[in-house]
Amino acid sequence: MTAKTVTMIAALLATMVSLTSCGNTIRGMGQDTANTVNATQDAGRRVDRAASR
C-alpha cells in the first residue's frame, strides 16, 4: 500500500467516526427534548389539578 492509500483509508475512518458521533449526539438531543416536553406537560397537569381543588 502506498502512503496515499493509507492516508485515504485513515481519512475515511476518521469521517465515519465523526458521523457516528454526530448521530449519537442528535439522538440524545432528541431524547432530552422529549423528556423536557413530558416534564413540562406533567407540571402543567399538576398545576391544573391544584388549581381545581
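Refer to the structure presented above.
Residues numbered from 1 in each chain as written. Predicted model: local features only at pLDDT ≥ 70, side-chain atom pairs only at ≥ 80, totals over all residues. Heavy atoms only, no water.

**Q** What's the story with the overall build of the protein in this structure? I'm lost.
**A** Helices and strands together make up the secondary structure of the protein, namely one helix and zero strands. Its C-alpha atoms give the protein a radius of gyration of 23 Å, more than 25% over the compact-globule value 10 Å for 53 residues. In terms of overall dimensions, the protein has C-alpha extents of about 80 × 5 × 5 Å along its principal axes. Here the protein holds 53 residues, and 0% of them are scored as buried. Summing over all exposed atoms, the protein offers an accessible surface of approximately 4700 Å²; the carbon and sulfur share of this is 65%. (Helix = DSSP H or I, 4+ residues; strand = E, 2+ residues; numbered from the N terminus. Rg over C-alpha atoms; globule rule 2.2 N^0.38 Å. Buried < 20%, exposed > 50% of the residue type's maximum accessible area, 1.4 Å probe, protein only. Areas by Shrake-Rupley, 256 points an atom, 1.4 Å probe, with all protein chains shown as cover.)

**Q** Please clarify how a nonpolar patch on the surface should be interpreted in this entry.
**A** Together, Met-1, Val-6, Ile-9, Leu-13 and Met-16 make up an exposed nonpolar region whose accessible area comes to about 550 Å². Position of Met-16 relative to the elements: it lies in helix 1 (residues 3-51). (Patch = residues over 30% accessible without salt bridge, like charges linked within 9 Å, V, L, I, M, F, W, Y side chains within 5 Å. Salt bridge = Lys/Arg side-chain N within 4 Å of Asp/Glu carboxyl O.)

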